[in-house]
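Structural overview
Here are the chains, one letter per residue:
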Amino acid sequence: MDRKVVWEGLSKKGNKIVICYPTKDDAQIFCDYINALSKEKTFVRFQGEEVSLKNETKYLNTQLEKIAKKQSVELLVFCNNKLIGISSIDMKDKTESHEGVFGISIAKEYRGEGIGKKFMQLVLEEAEKNMPQLRIVTMGVFGNNILAKSIYEEFGFREYGRLPKGSLHKGKYVDHIYMYKNIRG
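The structure contained in this document is the topic of the report that follows.

A short note on the pattern of salt bridges
Within this structure, the stated rule accounts for 14 salt bridges. Ionic pairing is found between Asp-25 and Lys-24, a salt bridge with its closest N-O pair at 3.6 Å. Its salt-bridge partner being Asp-93, residue Lys-94 comes within 3.7 Å of it at the nearest N-O pair. The class of Asp-93 is partly exposed, set by a relative accessible area of 48%. Residues participating in the shared-partner salt-bridge network are Lys-149, Glu-153, Glu-159, Arg-162 and Asp-175.

Here it is, written out as structure tokens:
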């Protein structure tokens, strides 16, 4: 299936990178990617749990519907045809229908190549372009993920709250930091 490509280029280490939207055929690679991240117990919500192909297929179909309705932007990063990153901004509803929730992840072996920053720039640009109701982007970050927090700040995100011991990371409770970025008005 043809992919809607947003960007192609090289990482700092010279790896060929393609950033694009997902297709309906991506459920298995989503599942494999998320399960690998979960096993790593990195700074994501999954901390060892395994996702089923059935659940990931359901998630993907929902995301594709939301993208079509301009309620979500979801981008994938591929390196040599291997999925190495997922990022999205998903709109909330009702009284919060102007708020998009941001998330991003990059596979362990590709971190530190500048991919995450390019990825984040592109998902924010795509959201601003494709989701006219978007006014503010919010996100959460583990309090012990100092590098990520500083990168988010470079992109204009600001801390607006902190829940002490609000996240469980590798068996220890760490603060959950809430951040936001104004997009329009």
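After that view of the structure, there is still more to cover.
Focus: the packing of aromatic side chains
Under the definition given, this model contains six aromatic pairs. Judged by centre distance (6.0 Å) and plane angle (35 degrees), the ring pair of Phe-102 and Phe-157 falls under tilted. You can see Phe-102 sitting in strand β5 (residues 99-106) and its partner Phe-157 sitting in the loop between α4 (146-154) and β7 (158-169), a full 55 residues away along the chain. Given a relative accessible area of 6%, Phe-102 falls into the buried group. Centre to centre, the rings of Tyr-152 and Phe-157 are 6.3 Å apart; their planes meet at 65 degrees, and the pair counts as edge-to-face. Each residue in the set Phe-102, Tyr-152 and Phe-157 is aromatic and connected to the rest through ring pairs, giving one cluster.

Some details on the sheet that holds strand β8 (residues 172-182)
In space, the eight strands of this open sheet follow the order β1-β2-β3-β4-β5-β6-β8-β7, with mixed pairing throughout. Two strands bound the open sheet, and with one partner strand each, they are β1 (5-10) and β7. Averaged over all pairs of adjacent strands, the angle between their axes in this sheet comes to 20 degrees, without regard to strand direction. Bridge count for strand β2 (residues 16-20) against strand β3 (residues 72-79) is four bridges, and the pairing is antiparallel. Paired with Ile-19 across the bridge in β3 is Val-77. Of the strands in this sheet, β1, β2, β3, β4 (82-91), β5, β6 (136-142) and β8 are in contact with helix α3 (residues 115-130), which crosses β3 at around 150 degrees.

A closer look at the side chain of Ser-87
Assignment of secondary structure puts Ser-87 in strand β4. Exposure remark for Ser-87: the relative accessible area of 0% places this residue in the buried category. Here Gly-103 takes part through its backbone oxygen, which lies 2.9 Å from a polar atom of the side chain of Ser-87. With residues near it in sequence (within four places) discarded, Ser-87 still touches Val-73, Glu-74, Leu-75, Phe-102, Gly-103, Ile-104, Phe-119 and Val-123.

Focus: the pairing of β5
The pairing of β4 with β5 spans seven bridges and is antiparallel. When the sheet's bridge partners are listed, Met-91 is paired in β5 with Gly-100. Two strands pair when backbone bridges link them, and β5 and β6 are joined in this way by three bridges, in the parallel orientation. Counted as the bridge partner of Glu-99 is Ile-136 from β6. Chirality of the crossover, the property in question, places the unit of β5, α3 and β6 among those that are right-handed.

Definitions and limits used
Residues numbered from 1 in each chain as written. Predicted model: local features only at pLDDT ≥ 70, side-chain atom pairs only at ≥ 80, totals over all residues. Heavy atoms only, no water. Salt bridge = Lys/Arg side-chain N within 4 Å of Asp/Glu carboxyl O. Buried < 20%, exposed > 50% of the residue type's maximum accessible area, 1.4 Å probe, protein only. Phe/Tyr/Trp six-rings, centres within 6.5 Å; stacked < 30°, edge-to-face > 60°. Helix = DSSP H or I, 4+ residues; strand = E, 2+ residues; numbered from the N terminus. Pairing = 2+ DSSP bridges. Axes fitted to C-alpha atoms, helices over the stretch in contact; angles between N-to-C directions. Contact = heavy atoms within 4.5 Å. Polar contact = N/O pair within 3.5 Å; in protein donor to acceptor, adjacent residues only side chain to side chain. Right-handed = clockwise from strand over helix to strand, strands pointing away.

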